[in-house]
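Residues per chain, in single letters:
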Amino acid sequence: MNPYIIIGALLLALGAGGAGYVKGQRDNEARHVAAALVQAEADAEAARQLAAAEQEARLLARELEDRAYADPVAVPQCLSVDRVRRLNLR
């Protein structure tokens, strides 16, 4: 047998193995990047929902506070029934 054929076959096998290794490495990296992107999108959606819930709570608190200030003070020593009910809503 010709030694050049053996060396060529070994180089071809090494090249194919190296190319497969590099392709596998890139595929693995792409899979991790895609998973990170999905997680980032889920985190952004959760943050958006949290911000919306906080805004809704602030608006409700403001509305209750406005109602409380709109209620006239009948007796300065205690709260009126309506004010107590609004406080219990919180």
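For the structure, check the block above.
Just so we're clear, the structure is a prediction, and the values are computed from it rather than from any experiment. (Residues numbered from 1 in each chain as written. Predicted model: local features only at pLDDT ≥ 70, side-chain atom pairs only at ≥ 80, totals over all residues. Heavy atoms only, no water.)

A. Representation of the overall build of the protein within the structure. Helix and strand counts for the protein stand at two helices and zero strands. Relative to its length of 90 residues, the protein is extended, with a C-alpha radius of gyration of 35 Å against a globular reference of 12 Å. Across its three principal directions, the C-alpha atoms of the protein cover 110 × 15 × 15 Å. With 90 residues in all, the protein has 3% of them scored as buried. Carbon and sulfur atoms make up 64% of the accessible area of the protein, which totals about 7,900 Å². Taking the average place of the 11 positive charges on the side chains of the protein and the average place of its 12 negative ones, the gap between the two points comes to 1 Å. (Helix = DSSP H or I, 4+ residues; strand = E, 2+ residues; numbered from the N terminus. Rg over C-alpha atoms; globule rule 2.2 N^0.38 Å. Buried < 20%, exposed > 50% of the residue type's maximum accessible area, 1.4 Å probe, protein only. Areas by Shrake-Rupley, 256 points an atom, 1.4 Å probe, with all protein chains shown as cover. Lys, Arg positive; Asp, Glu negative; His and termini not counted. Charge placed at Lys NZ, Arg CZ, Asp CG, Glu CD.)

B. Region of interest: the packing of helix 1 (residues 3–70) against helix 2 (residues 81–89). It is at 10 Å that the axes of helix 1 and helix 2 come closest, and there the two elements cross at 170°. In terms of axis orientation, helix 1 runs roughly antiparallel to helix 2. Taken together, the residues of helix 2 that come into contact with helix 1 (itself represented by L64, R67 and A68) are R83, R86 and L89. (Axes fitted to C-alpha atoms, helices over the stretch in contact; angles between N-to-C directions. Parallel < 35°, antiparallel > 145°, perpendicular 65-115°, else oblique. Contact = heavy atoms within 4.5 Å.)

C. Here's a closer look at a nonpolar patch on the surface. On the surface, a nonpolar cluster with roughly 480 Å² of combined accessible area is contributed by M1, I5, I6 and L10. Examined against the element boundaries, M1 turns out to sit in the segment before helix 1. (Patch = residues over 30% accessible without salt bridge, like charges linked within 9 Å, V, L, I, M, F, W, Y side chains within 5 Å. Salt bridge = Lys/Arg side-chain N within 4 Å of Asp/Glu carboxyl O.)

D. Representation of the environment of L60 in the model. Note that L60 resides in helix 1. Overall, L60 belongs to the partly exposed group, its relative accessible area being 48%. In sequence terms L60 and I7 are 53 residues apart; their C-alpha atoms lie 79 Å from each other.

E. Structural detail: the pattern of salt bridges. One pass over the full model with this rule turns up four salt bridges. The residue E45 makes a salt bridge to R48 at a minimum N-O spacing of 2.6 Å. Taken together, the residues span about one helical turn, with E45 and R48 both in helix 1 at a distance of three residues. Exposure remark for E45: the relative accessible area of 34% places this residue in the partly exposed category. Via salt bridges that share partners, R62, E65 and D66 belong to a single interconnected network.

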